[in-house]
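# Coordinates in review
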Amino acid sequence: REAKVLSRLANAERQQGRMDEARHHAEWALALHAALGQTEGHPLYELGIVQRQTGAMQEARTTYERALAIYRQQGNGNGEAKVLNSLAIIHAEQGRFDEACAHFESALSISRAQGDEISPDWSPDGRLIVFSRGEFDEFDATLHVMNANGSGRTRVPLPVPALFPDWQPIPG
């Protein structure tokens, strides 16, 4: 659980441009997972983003490839598509357009097979993921919740489309 929080903290720090802190917390999350004998793709994915954004392209590519192997082993299509997209960006930035296109096409194929899931967000305790599912352009997205391991998908009925779900404290 602590490792998942550290991974989310790395994401928040990265989005604020605090790359050294983001790298530190992603690496710490990886170390905790390793100490528990677990393999987890998300801290690797976060670390890969930090590496790419700080110009360490080869390091990022290696990190993404490790994350991709884990996501594939776990059958995590969303994670696989995210990493393939990130690898495609690296290939494109380095002028390897054939490889970039192949990765983009693979990511697109997986995303389509996943059913156009939009804007996933972890619950504060790391046990659940909320996401929208549907056609973004048509504003007919529905809200869904599932366990962190991808099991127990449940549609949450709402009177309006749910495009960008987010865990928020309940007022009052």
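Preceding this paragraph is the structure being described.
With that settled, consider the nonpolar core. Of all hydrophobic cores here, the largest spans 21 residues; its most connected members are Tyr45, Tyr64 and Val83. Counting residues per element, the ones that place at least two in this core are α2 (19–35), α3 (41–53), α4 (57–74), α5 (77–93) and α6 (97–114). Excluding its chain neighbours within four sequence positions, the residues that come into contact with Tyr64 are Tyr45, Gly48, Ile49, Arg52, Val83, Ser86, Leu87 and Ile90.

Its place among the elements puts Asn85 in helix α5. C-alpha of Asn85 to C-alpha of Ala107: the two residues are 22 residues apart in sequence and 5.8 Å apart in space. The contacts of Asn85, once residues within four sequence positions are left out, are Phe104 and Ala107.

On to the packing of α3 against α5. At a minimum axis distance of 11 Å, the contact between α3 and α5 shows a crossing angle of 20 degrees. In terms of their interaxial angle, α3 and α5 are classed as roughly parallel. α5 is crossed by α3, and the crossing has left-handed handedness. Contact with α3, carried on its side by His42, Tyr45 and Arg52, involves Lys82, Val83, Ser86, Ile89, Ile90 and Glu93 of α5 and no other residues of that element.

Moving on: the environment of Gln73. Counting through the fold element by element, Gln73 comes out in helix α4. Under the relative-accessibility criterion, Gln73 is labelled exposed at 66%. Sequence separation of Gln73 and Thr39 is 34 residues, and the distance between their C-alpha atoms is 9.9 Å.

With that settled, consider the pattern of salt bridges. Using the criterion set out here, one finds eight salt bridges in the structure. Among the ionic pairs, Arg23 bridges to Glu59, the shortest N-O distance being 3.5 Å. With a gap of 36 residues between them, Arg23 in helix α2 and Glu59 in helix α4 connect regions that are remote in the sequence. A residue is classified by how much of its surface remains accessible, and Glu59, at 38% relative accessible area, is partly exposed. Close ionic contact of Arg52 with Glu93 constitutes a salt bridge, the shortest N to O distance being 3.6 Å. Note that Arg52 is positioned in helix α3 and Glu93 in helix α5, a separation of 41 residues in sequence.

As a further point, take α4. Over its 18 residues, α4 runs 25 Å from end to end, which matches the ideal 26 Å to within 8%, given 1.5 Å per residue. Among the residues of α4, those classed as buried are Met57, Ala60, Thr63, Tyr64, Ala67, Leu68, Ile70 and Tyr71. Down the axis, α4 shows its buried residues gathered within 165 degrees of arc, on one side only. Summarising the geometry of α4, the exposed residues directed more than 90 degrees from the buried face are Gln58 and Gln73. Elements that come into contact with the buried residues of α4 comprise α3 and α5.

Rules used throughout
- Residues numbered from 1 in each chain as written.
- Predicted model: local features only at pLDDT ≥ 70, side-chain atom pairs only at ≥ 80, totals over all residues.
- Heavy atoms only, no water.
- Core = buried A, V, L, I, M, F, W, Y, C linked by side-chain atoms within 4.5 Å.
- Buried < 20%, exposed > 50% of the residue type's maximum accessible area, 1.4 Å probe, protein only.
- Helix = DSSP H or I, 4+ residues; strand = E, 2+ residues; numbered from the N terminus.
- Contact = heavy atoms within 4.5 Å.
- Axes fitted to C-alpha atoms, helices over the stretch in contact; angles between N-to-C directions.
- Parallel < 35°, antiparallel > 145°, perpendicular 65-115°, else oblique.
- Left-handed = near helix turned anticlockwise from the far one by under 90°.
- Salt bridge = Lys/Arg side-chain N within 4 Å of Asp/Glu carboxyl O.
- Expected span 1.5 Å × (residues − 1).
- Arc of directions from axis to C-beta.

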